[in-house]
Amino acid sequence: MEWTWISALLLVLALAGCVYGLTTAWLAGRLARRPAPCLPAGAARPSVTLLKPLCGDEPNLYLNLTTFCTQAYAGAVQVIFGVQTATDPAIAVVHRLQAEHPGLRIDLVIDARQHGSNRKVSNLINMAGLIAHEVVVLADSDMVVAPDYLERLVAELSQPGVSGVTCLYHGVPANRGVWAHLSALAIDTQFLPNVLMGTGLGLADPCFGSTIAFRTEMLARIGGFEAIRNDLADDYTLGAALRAQGGIVAIPNFTIGHTCVDTSLAGLWRHETRWNRTIRNVDPVGYAGTLVTHAFPLALIAALLPDSGPYTLAAAALALACRIVLCMRVERAFGLEPHPYWLLPIRDLLSFAGFVWCFMSGAVTWKGHDYRVVADGTLIPESGLARESGAPST
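Residues numbered from 1 in each chain as written. Predicted model: local features only at pLDDT ≥ 70, side-chain atom pairs only at ≥ 80, totals over all residues. Heavy atoms only, no water.

It is worth spelling out unusual backbone geometry at this point. Residues other than glycine seldom take positive phi values, yet N60 does so here, at roughly 70°. Within the secondary structure layout, N60 lies in the loop between β1 (48-53) and α2 (61-69). For N60, a relative accessible area of 32% corresponds to the partly exposed category. (Helix = DSSP H or I, 4+ residues; strand = E, 2+ residues; numbered from the N terminus. Buried < 20%, exposed > 50% of the residue type's maximum accessible area, 1.4 Å probe, protein only.)

On to the domain arrangement of the protein chain. Structurally, the protein chain comprises domain 1 (2-29 + 264-361) and domain 2 (39-158 + 207-250). Look at where the C-alpha atoms of domain 1 and domain 2 centre, and you get two points 34 Å apart. (Domains from an automatic or database assignment.)

All right, on to the side chain of S7 then. Along the chain, S7 turns up in helix α1 (residues 2-33). Look past the residues within four positions of S7 in its chain and what remains in contact with it is A302, L305 and T312. (Contact = heavy atoms within 4.5 Å.)

Turning to the sheet that holds strand β5 (residues 143-144), a few remarks are in order. Paired through their backbone hydrogen bonds, the strands of a sheet run either parallel or antiparallel. If you walk across this open sheet you meet the three strands as β5-β10-β7, and the pairing is mixed. A strand with exactly one partner marks an edge of an open sheet, and here the two such strands are β5 and β7 (168-173). Pairing analysis gives six bridges linking β7 to strand β10 (residues 255-260), with the strands arranged parallel. Bridge assignment links P173 to a residue of β10, and that residue is C260. (Pairing = 2+ DSSP bridges.)

Detailed reading of the predicted coordinates is not advisable wherever pLDDT is low. Here the protein chain averages 89 in pLDDT, and 91% of its residues register 70 or above. A low-confidence stretch, residues 384-394 (pLDDT under 50), is modelled with 22 contacts involving residues beyond four sequence positions or located in other chains. (pLDDT = per-residue confidence, 0-100.)

Moving on to the pairing of strand β8 (residues 212-215). As paired strands, strand β4 (residues 135-138) and β8 are joined by four bridges and run antiparallel to one another. When the bridges of β8 are listed, V135 appears paired with R215. Across three bridges, strand β6 (residues 162-166) lies against β8 in antiparallel orientation. When the bridges of β8 are listed, T166 appears paired with I212.

So, on to the nonpolar core. By size, the foremost hydrophobic cluster in this structure holds 62 residues, and its most contacted members are F81, V137, Y149 and L150. Looking at which element gives the most residues to this core, the answer is helix α6 (residues 178-200), with seven residues. Here this core spans two domains, and each of domain 1 (2-29 + 264-361) and domain 2 (39-158 + 207-250) adds at least three residues to it. When residues no more than four places from it in sequence are discounted, the contact partners of V137 are V48, T49, L50, L51, Y149, L150, L153, T211, I212 and A213. With 21 residues, the next largest nonpolar core counts C207, I212, I228 and V249 among its residues. (Core = buried A, V, L, I, M, F, W, Y, C linked by side-chain atoms within 4.5 Å.)

What follows deals with the environment of L13. Relative to the assigned elements, L13 resides in helix α1. In contact with L13, other than residues within four places in its own chain, are L291, V292 and L298.

What follows covers the packing of aromatic side chains. Inspection of the entire model under this criterion finds eight aromatic pairs. Where F355 meets F359, the ring centres are 5.3 Å apart and the plane angle is 80°; that geometry is what we call edge-to-face. On the basis of relative accessible area, F359 is assigned to the partly exposed category, the value being 41%. Through pairs of rings, three or more aromatic residues link up here, namely Y287, F352, F355 and F359. (Phe/Tyr/Trp six-rings, centres within 6.5 Å; stacked < 30°, edge-to-face > 60°.)

What follows is the structure, given as structure tokens:
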């Protein structure tokens, strides 16, 4: 009798997950069809500074950064790259971009100073002194964008009541390996649907490191990047600070690419653990509620319990079919390349394992550094914060 009740509960959750998945598939289409704001033809465009913190020569780094240096934008554009060591191999990539785009202002900041436990934010603090333009666009190094990216961002930012703009993103496998494709599937079939549901129901106010655009004056009003120097969820905290100025953080109707570079299960597990840990610290109740999104693993567990009937296997098949429908709908809505659908059951089982693991461990690894995450989302280096000093160079 006890197993029967457990099996029934798991099946109810799995069926709820099927409804959830189909609903988010509809929400994806609704967002993609939403009219986008446009700047007046011939009107002057505000000048833009792009901030690109770097750490190492990541796969596809040159190609990713090139998409930001070749924008079809009529206003003045400045790109600031920042690294924290003079031996960082990303420096060679920046020098190549400077040589290939002499008409674009490209600045490089090499500064070892550490201002808090979040190394990316320390990098941004070191770069901020060179910001020269009206609008700031912060974007992670593993993003790839279309030529009209800045035009569409600035159009969103120009709307009344908008304090900032962030972007949804989709996965772009950097290689043909299975791990990169599994990483891309996690973004397109879990991250995107969960955000669409959260924003569609008014339960989430996200802000993503993929893109955060705001007016330069806002940076001083929110206390600069120093205000988020110890936060794991620095992008979320920055978004909250922008909303506190009285406006919304808008999400456009398009996605940009996130390069998925994983070549092993260990690497995939580390960065997904950090993602899950970040989400759990930002919204612990919401994170626990995503249990319902794991329909296929829940139905499969029900099928493995003693005295389970054939209907449990039918529920697992239904859950998998709904996942395929969701994946196809996201691909169609945002114009993405088709995924290898046979990876979906593997993807779902890995995601469920990661979901459970994040209730057991408080450790994350980020850019080769180990941290503990305390209850308020603050990062604590495992070996203690090594405070570095050094003169910046440009």
